[in-house]
Amino acid sequence: AWNKTQPVYDAMKEDERFQVFLICVPSGISDQKLVNPDSEENDTYDYFQNHGYETVNALTGRNSWLDLEQMKLDYVFCSRPYNSYMPRPYISSKVSRYTKICCLVYGMSMTKPIQEMVLNRDFFRNVYYYFAECDYARQVNLRHQSCLNKLGFQKNVYLGMPALTQILEAKKEKSPAWDFSGNEFKVMWTPRWTSAPDLGGTN
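Within any chain, residue numbers begin from 1 and follow the written order of that chain's sequence. Two thresholds apply to this predicted model, a pLDDT of at least 70 for residue-level local features and 80 or more for giving and counting side-chain atom pairs, whereas whole-chain, interface and lining totals are computed over all residues. Each side-chain value is worked out from all heavy atoms of the structure, with water and hydrogens disregarded.

K.L.:
So what exactly am I meant to see when it comes to the pattern of salt bridges here?
P.N.:
Here the idea is simple: oppositely charged side chains can pair when their charged atoms come close. By convention in these notes, a salt bridge is any Lys or Arg side-chain nitrogen within 4 Å of a carboxyl oxygen on Asp or Glu. Counted according to the given criterion, the structure contains five salt bridges. Between Asp122 and Arg125 there is a salt bridge; the shortest N-O distance is 4.0 Å. Among the residues examined, Asp122 registers a relative accessible area of 43% and is labelled partly exposed. Residue classification places Arg125 among the partly exposed positions, given a relative accessible area of 45%. Two residues, Asp135 and Arg138, come together in a salt bridge whose shortest N-O distance is 2.8 Å. With a gap of three residues between them, Asp135 and Arg138 both fall in helix H6 (residues 135–144), about one helical turn apart. Under the scheme applied here, a residue whose accessible area is under 20% of the maximum for its type counts as buried, over 50% as exposed, and between as partly exposed, the area being computed with a 1.4 Å probe on protein chains only. Helical segments are the DSSP runs of H or I of at least four residues, strand segments are the runs of E of at least two, and each set is numbered from the N terminus.

Structure, rendered in structure tokens:
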């Protein structure tokens, strides 16, 4: 999901109004618990450190977490809109008590039923800014969270989709997937992003 948020991160890093850094949560979390609670390893932190990012390790010890409230953050951008991928201190209902949660989704839901399913209310009821990937997604969340929006506790905006930056940038380079020199319209369909059997496999 990181490369979908990266264009926004890069823009903020170049703007002196922002102090921005990455708080790295390990990938091995299931239903708000570390898969291995005795582990002190953080693969996400290691990855971003090795790639030269300014990072903060969220895992401070065995199943021990950095206190985000003490950091006095103005905004927290979540790259995946699911509480099940976060440790319990970082689920949206807890984080929203002391800062504003912003959400950029990592993909685009191309059908209405999927859109209704992806915007899970457990997470989104605590989001302050939802940067929708299309106007339909904005309308769905406005409907789901109508009371929060009327009271001003949530804002839904459609300003474009940073994830598409990758595709637009790739068009400048030669690609083995297709030739962009013509003016024809092309679609690449990838049914799943992984072949892991616990996530449903692929075809």
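K.L.:
Got a minute to help me understand the nonpolar core in this structure?
P.N.:
Nonpolar side chains in soluble globular proteins generally cluster together in the buried interior. Each nonpolar core is a collection of buried residues, namely Ala, Val, Leu, Ile, Met, Phe, Trp, Tyr and Cys, held together in the definition by side-chain atoms within 4.5 Å. One finds Trp65, Tyr90, Phe123, Phe124, Val127 and Tyr130 to be the most contacted residues of the largest nonpolar core, which totals 22 residues. Of all the secondary structure elements, the ones that give two or more residues to this core are strand E7 (75–78), strand E8 (100–104) and helix H5 (121–124).

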